[in-house]
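This is what each chain is made of:
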Amino acid sequence: MQLFDDLEDFGAFDDVVSGNIRDPYPELARQNREEPVQRIDISGMPGEEGKPVFIVYRHEDIVQMLRDNETFSSAIIISAFGDVLGKQVMLGMDEPEHGRHRALVSKAFSQKALARWEDNLVGKVGNELIDGFARVGKADLVKDFTFPYPTQIIAGLLGLPRDDYPQFQRWSISLLSFTVNPERGKAASEALVKYFSPILEARRAEPRDDLISSLAQAEIDGEKLSDEEIYSFLRLLLPAGVETTYRSLGNLLFALLSHREQFEAVKADRSLLPQAIEEAVRWDAPLLNITRVTTRETELSGVKIPAGCSVMPMLGAANRQEDRYPEPNEFDIFRAAKGNVGWGYGVHVCLGMHLARMEMRVAMNLLIDRLPNLRFDPEADDLHIRGQVFRSPAALPVVFGA
């Protein structure tokens, strides 16, 4: 792949966004048992200056807080990321505004739309990427497949020209690295608006069968979405639609290729793929934690939390909770089904989770079908998942064929 050559970049991007933490889970498990609601007296986090930060580790408390969006507000997302994602970003809205926007956008992610995309776009993108390395006999599935795959699918959903995909991918990397390079993130955000502006104008005049046209025609209470509301959603698609999907798919591939018996079981019976996908998201979620801010004084597990505090549900701790999942650190696609919070929970549960599941299922089927005897490159060493907030393997060197 040539996409990263002029960026220097993909590895550096992943270093700073992920952080090279290999195994946070022993410490998360200790906190889950000993201090399920942890108070930290620092003021460097979003939220009111000088207020403590609280980290929440247990599944029951996390579900309680994500269900109560009046007390635990998402507005902190706009104060933290509004400069790059936009002040109208749906992720930072509370009810009822969030519900109205979500209802509009969710029409574009209906089962009917997904079925059409699976046939016309997702499989096509996957096959084209595999065409680029299938004859070589080896690949790095992160650079060659898992990262460009959802980026190109989102670009296709938006109806962008095929020639623009590499540039769109560069903007994705710049936008996603906002937390460590704010100026670069803001520049990408502005470049995306300049890029989308004439496209949005054209779709308002002559709608097509794509997501930008759907947003341009959508109405809330008889009013069409403003340009800024649409730009905010389009920018959100990059971290929401690209970052988490590529990491989830990388974690799934890592888990299956590291557990050969389970990989062989999936190869033999593809109906196991949905439970393999859910287990991968539980076992190592692409995003370990999220953030809310308290609108009033409240309490979790007997710990008082003042108004105006950042509260961070630690999804990764809940997903490996010892009294909820037997042998929680083991990857086991055959474990009894039990919901996890890797997709989020409550009104902000991942809007694109059905799309992400479909992308992962299609990708696994294509990789299994087209790359016989797929396995880790025996010459590669030290393969691992890493990350302190976002988690995925930085590389997946594989060989295939005879």
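Described in the following lines is the structure provided in the data block. Note that the structure is predicted; figures quoted are calculated from it, not measured.

### Considerations on the overall build of the protein chain
A count of helices and strands for the protein chain gives 16 helices and 14 strands. Taken against the 2.2 N^0.38 rule, which gives 21 Å for 402 residues, the C-alpha radius of gyration of the protein chain at 21 Å falls within 12% of a compact globule. Along the longest, intermediate and shortest principal axes, the C-alpha atoms of the protein chain span 60 × 55 × 40 Å. Within the span of the protein chain, comprising 402 residues, buried residues form 55% of the whole. When contacts within the protein chain are restricted to residue pairs at least 6 apart in sequence, those whose partners lie at least 24 apart make up 72%. Of the accessible surface of the protein chain, which amounts to about 17,300 Å², a share of 50% is contributed by carbon and sulfur atoms. With 45 positive and 61 negative side-chain charges, the protein chain shows a spacing of 2 Å between the two charge centroids.

### Some details on the pairing of strand β2 (residues 53-56)
Going residue by residue along β2, you find V53 and I55 tucked away on one face and F54 and V56 tucked away on the opposite face as well. Relative to β2, strand β1 (residues 37-40) runs antiparallel, the two sharing four bridges. From the neighbouring strand, R39 faces β2, where its bridge partner is F54. Pairing between β2 and strand β10 (residues 310-313): three bridges, direction parallel. Looking at β10, one finds that I55 is bridged to M312.

### Details of the sheet that holds strand β4 (residues 138-140)
Read from one edge to the other, the open sheet built from three strands follows the order β4-β14-β11, with strand pairing classed as antiparallel. The strands lining the two open edges of the sheet, one partner per strand, are β4 and β11 (375-376).

### Topic: the pattern of salt bridges
What the rule picks out here adds up to 24 salt bridges. For E118, the salt bridge is made with R361, and the minimal N-O distance between the two is 3.1 Å. Here E118, found in helix α6 (residues 111-131), pairs with R361, found in helix α16 (residues 353-370); they are 243 residues apart in sequence, far enough to count as distant. Since its relative accessible area comes to 27%, R361 is described here as partly exposed. R357 serves as the salt-bridge partner of E278, at 2.7 Å between the closest nitrogen and oxygen. In this pair, E278 is assigned in helix α14 (residues 273-283) and R357 in helix α16, connecting sequence segments 79 residues apart. Among the residues examined, E278 registers a relative accessible area of 24% and is labelled partly exposed. One connected set of salt bridges, linked through shared partners, spans E27, R30 and E34.

### Some thoughts on helix α10 (residues 182-205)
Spanning 24 residues, α10 covers 35 Å between terminal C-alpha atoms, matching the ideal 34 Å at 1.5 Å per step. The axis of α10 is deflected most strongly, by about 30 degrees, at F196, and proline P198 appears within four residues downstream. Buried within α10 are the following residues: G185, A188, S189, L192, Y195, F196, I199, L200 and R203.

Cut-offs applied
- Residues numbered from 1 in each chain as written.
- Predicted model: local features only at pLDDT ≥ 70, side-chain atom pairs only at ≥ 80, totals over all residues.
- Heavy atoms only, no water.
- Helix = DSSP H or I, 4+ residues; strand = E, 2+ residues; numbered from the N terminus.
- Rg over C-alpha atoms; globule rule 2.2 N^0.38 Å.
- Buried < 20%, exposed > 50% of the residue type's maximum accessible area, 1.4 Å probe, protein only.
- Contact = heavy atoms within 4.5 Å.
- Areas by Shrake-Rupley, 256 points an atom, 1.4 Å probe, with all protein chains shown as cover.
- Lys, Arg positive; Asp, Glu negative; His and termini not counted.
- Charge placed at Lys NZ, Arg CZ, Asp CG, Glu CD.
- Pairing = 2+ DSSP bridges.
- Salt bridge = Lys/Arg side-chain N within 4 Å of Asp/Glu carboxyl O.
- Expected span 1.5 Å × (residues − 1).
- Bend = angle between axes of the 7 residues up to and from the residue.

Everything listed here is a matter of geometry and, on its own, says nothing about what the molecule does.
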